[in-house]
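The primary structure of each chain is shown beneath.
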Amino acid sequence: MSVIRESELNVSGSTRYIDDRPESAGLLHGALVPSPCARGLLKGIDAQEAEALDPSIRVFTAREVPGENRLGDAAEYEPFLVSEEWSYMGQPVALVLAKGRLLARKAAALVKLDYEKLKPRLDAREASEAGAFFIPPRTMAMGDAKRAMARALIVAEGRVESGGQEHVYLETQGAIAEALEGGRVRIISGTQSPTGVQREVARILGLSMHDIEVEAPRLGGAFGGKEEQGGQWAALAALGARACGRPVKIYLDRREDMRLSGKRHPYSSDFRIGLDAQGMIVAFEADYYQNSGALCDLSPAILSRTLFHAAGAYRIPNIRVTGYACRTNLPPFTAFRGFGAPQGFYVIEAAIDAAARAGGFDPAELRRKNLLSEGDVFHYGQSVSECRAGSSFDRLLKLCRWDELRAEIASHNASNRLEKRGAALIPICFGVSFTKLVMNQGGALVHAYHDGSVSVATGAVEMGQQVARKIQIVVAKALGIPESLVRVERARTSTVANTYPTAASTGSDINGMAALAACEEIRGRLLSLAARILGAEKGELRLEGGLVVRGCEPSALTWKELVDRAHLERVDLSAHGFYATPGLSYDMKAERGSPFAYHVYGCAAISARLDVLRGSYRFDRAWIVHDGGESIDRAVDLGQVEGAFAQGLGWAALEELLYDAEGSLMTDTLSTYKLPDLGFMPNAEVEFLENAPNPKAIMRSKAVGEPPLLYGIAGYFAVLDALRAARADRARGAEAGRGDGAASARSAYDLPMTPEKVLDFLEGRRPC
Ligand code: LUZ
Ligand code: MOS
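Just so you know, the residues in each chain are numbered from 1, in the order the chain's sequence is written. Chain letters and ligand numbers both follow the written order, the letters beginning at A and the numbers at 1. Owing to the predicted nature of the model, reporting of local features is limited to residues with pLDDT of at least 70; listing and counting of side-chain atom pairs is limited to 80 or more, with chain, interface and lining totals taken over all residues. Excluding hydrogens and water, the side-chain figures rest on all heavy atoms present in the structure.

## Structural notes on the site of ligand 1
To keep things clear, this is the line we draw: Working definition: residue near molecule or strand if any one of its non-hydrogen atoms lies within 4 Å of it. Polar contact is defined as a pair of N or O atoms within 3.5 Å, subject to the rule that within protein one atom must be able to donate a hydrogen and the other to accept it, and that residues adjacent in sequence are counted only when both atoms are side-chain atoms. For accessible areas, the Shrake-Rupley method is used with a probe of radius 1.4 Å. Any residue's cover is judged against the shown protein chains and nothing else. In this classification, Asp, Glu, Lys and Arg are treated as charged, Ala, Val, Leu, Ile, Met, Phe, Trp, Tyr, Cys and Pro as nonpolar, and every other residue, Gly included, as polar.
Neighbouring residues of ligand 1: Glu227, Arg305, Phe339, Phe434, Thr435, Met439, Ala503, Ala504 and Glu706. One of the side-chain nitrogen or oxygen atoms of Arg305 is found 2.9 Å away from a nitrogen atom of ligand 1. Contact distances for ligand 1 include 3.0 Å between an oxygen atom and a backbone N or O atom of Thr435. If ligand 1 stood free it would expose 290 Å²; the protein chains cover 97% of that surface. Partitioned by chemical class, the residues of the shell around ligand 1 number five nonpolar, one polar and three charged.

## Some points on the side chain of Asp620
For clarity, the cut-off: Numbering of helices and strands starts at the N terminus; helices are DSSP runs of H or I of at least 4 residues and strands are runs of E of at least 2. Between buried and exposed lies partly exposed: a residue is buried under 20% and exposed over 50% of the maximum accessible area for its type, with that area taken using a 1.4 Å probe on protein chains only. Contact definition: two residues touch when any of their heavy atoms are within 4.5 Å.
Checked against the element boundaries, Asp620 lands in strand E28 (residues 617-626). The exposure class of Asp620 is buried, given its relative accessible area of 16%. Look past the residues within four positions of Asp620 in its chain and what remains in contact with it is Arg421, Ser607, Ala608, Arg609, Pro682 and Asn683.

## Overview of the pairing of E28
We count it as follows: At least two DSSP bridges between two strands are needed for those strands to be called paired.
Of all the ten residues making up E28, eight are buried; the element is thus mostly covered by neighbouring parts of the structure. Sheet topology places strand E27 (residues 598-611) next to E28; nine bridges connect them, and they run antiparallel. Residue Arg609 lies in a different strand from E28, and its bridge partner there is Arg618. With antiparallel pairing between neighbouring strands as the criterion, E27 and E28 make up a hairpin whose turn holds five residues, including Gly615 at a positive phi of roughly 80°. Direction of pairing for E28 relative to strand E29 (residues 683-688): parallel, over a ladder of six bridges. From the neighbouring strand, Ala622 faces E29, where its bridge partner is Ala684.

## Some words on the packing of aromatic side chains
The criterion, for reference: A pair of Phe, Tyr and Trp rings is counted when the ring centres sit within 6.5 Å of each other, with Trp represented by its six-membered ring. The angle between the planes then sorts it: under 30 degrees is stacked, over 60 is edge-to-face, the rest tilted. Placement of a charge over a ring requires the Lys NZ or Arg CZ to be within 6 Å of the ring centre, with the centre-to-atom vector within 35 degrees of the ring normal.
A full pass over the atoms with the stated rule returns 15 aromatic pairs. Their ring planes at 75° and their centres at 5.1 Å tell us that Tyr346 and Tyr716 sit as a pair that is edge-to-face. Here the residue Tyr346 occupies a position in helix H10 (residues 341-359), and Tyr716 occupies one in helix H18 (residues 713-732), the gap between them amounting to 370 residues. Residue Tyr346 shares its accessibility class with Tyr716, and that shared class is buried. Each member of the aromatic cluster is reached from another via a ring pair, and the members are Phe271, Tyr346, Tyr716, Phe717 and Tyr749. The side chain of Arg264 reaches across the aromatic face of Phe336, ending 4.4 Å from its centre. Above the ring of Phe688, the side-chain terminus of Arg634 is found at 4.1 Å from the ring centroid.

Next up, the structure:
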């Protein structure tokens, strides 16, 4: 096999997604009957007209669910198909099957619902006032924030809003299910979590996990959107397949996917920050109102990651932060690259921005002097070790020539009224590990075939991030063979069991280590045999370059000969490997412990250019210094940094989800929901920190999937910086102050930045 480059397959259009598979004979297509408003009581379902359309049509409701009609693992009951009350618009009420996709959709539209409409609640703060939470409010604290705040010389406070974000994976959500003999069900599911789907389907069908086999093929992107939410589509398909004895495919179209599937959580937060005379942060307090949506989903875990990242990359001796998971009637929000950390980061960066203005400090200097360093302690009790906050910050200042950039911008702004420039930089710090201990485990199964080729299966789902490429390299290195001899299999529950989602940036950390453990087992057996063949000590032998190497001398024994010989001598050429991330512990009661294996650091700067008349802006340039450890494949990591940065910049300064007063998503197409493209993205210079190996992960690498998304937040502050230059001009002009009084109720910090908001700022309808 040649070396796989997932990107080449994608670019050349040769990736095959679920919907590209040839359809088997007799396949039925599923379509959903969604709830018609955000909250309602179901009185009756009339499917007569739908069923009359064609003999192939079947309609399934909650009554046809053979097992538990229940979604997810939340403490409270949450229905899989609506039986009485629904809590968001688009919640599945019934499944319609038909022999064609259009026919199924046509029939679904004919199913009539008798219902009573109830008043929805859409706002997180309103939900909080009503006490509508998924979990009790959660607080993390260190020191005495109240007392320190009272003594602080400079105090700034404010409100911060951040919007949601649609994943827009290339491939929408879906699944194909097939009933096998003996009552078993086989599912191909667009999921990051094959085991999660297996468990969910088993429960809904009233079967055991061994009755359900789930395979996750290569996904066309996921970004967290398929961490928790793939189960319902798989379960619907499985329900139909079991009942009809025919394969069933459910595949959402783009608009359905955008309307029904979860997104990044919007947050509304309050902060207060206190500085001493030198500009050291002495206290920080914040409350985060997470709009969790209508079902629990992963909201509590996401909220916990917000609280863990509340202090950003800063040392804050006295801190108290509280999170509220607020139940509303929007479609359930879910995991999205960064998993609550970006929302927390935006608040601390806004607080620092506000404090710098209140105290008259240079924002970059304020950030530098408050950075975390070796030996500090995070507010959850873990000590800061191998800290690279300062080194990446300092390297970035050099890379972007920060002082020159500032001077250039100041002189540009002094001589231009209609175009202002701005710049901002932010440091990042991201904890790597699932915050839920049990999830930090994974397995692998490695086979050496007796022709010398090797296959490796793990729980890792390939979704374009090239985890398969990294695992291929790990295995090739471990066995000392060319990469072309290693094939990476797709994740399947019958091959590697009890896995956790490919998520939390841990895909190659956990699965790479499990694959390595399996390879070591096989290598040990092979070297014992080689020692016998060569009459050598096992300890002096290695596998390298496709040969057995003795000391410094290659022997005449090749990998292929050794494997063939092992097979003849009846040596087991397969091994299972397992990895559980060591050193993790957390006490939820005390909110103290070491939840993360390590942290990823870095720093980014962005410069922006603002058209003062139109309110439009663009990003000129970006510079990133990233703490990437020793990359397993630098090209892959660079792609992750650039891609995550684009996604973060889109969240911060472009993408906007809008709902109407009834809780219906208005931005449900790619013509109304704007995504970053090549024209939007600045030229980004990315540098990886040198000599920064990570002893805590596979091949001294560092997890890279999520942390660079945080860099995008700098874009928000770069535009804000340019805006302030424009506002300063106005303040000097005749119309100074006009409208500023009305602005005080609106939030200064409201992400995403959009041209509409820019105009509000410029016209004084918002403070900045
Ligand atoms: N998923 C999860 C995640 O279940 N727990 C986590 O801590 C996490 N972190 C990042 C992304 N996905
Ligand atoms: Mo996740 S946000 O699926 O890593």
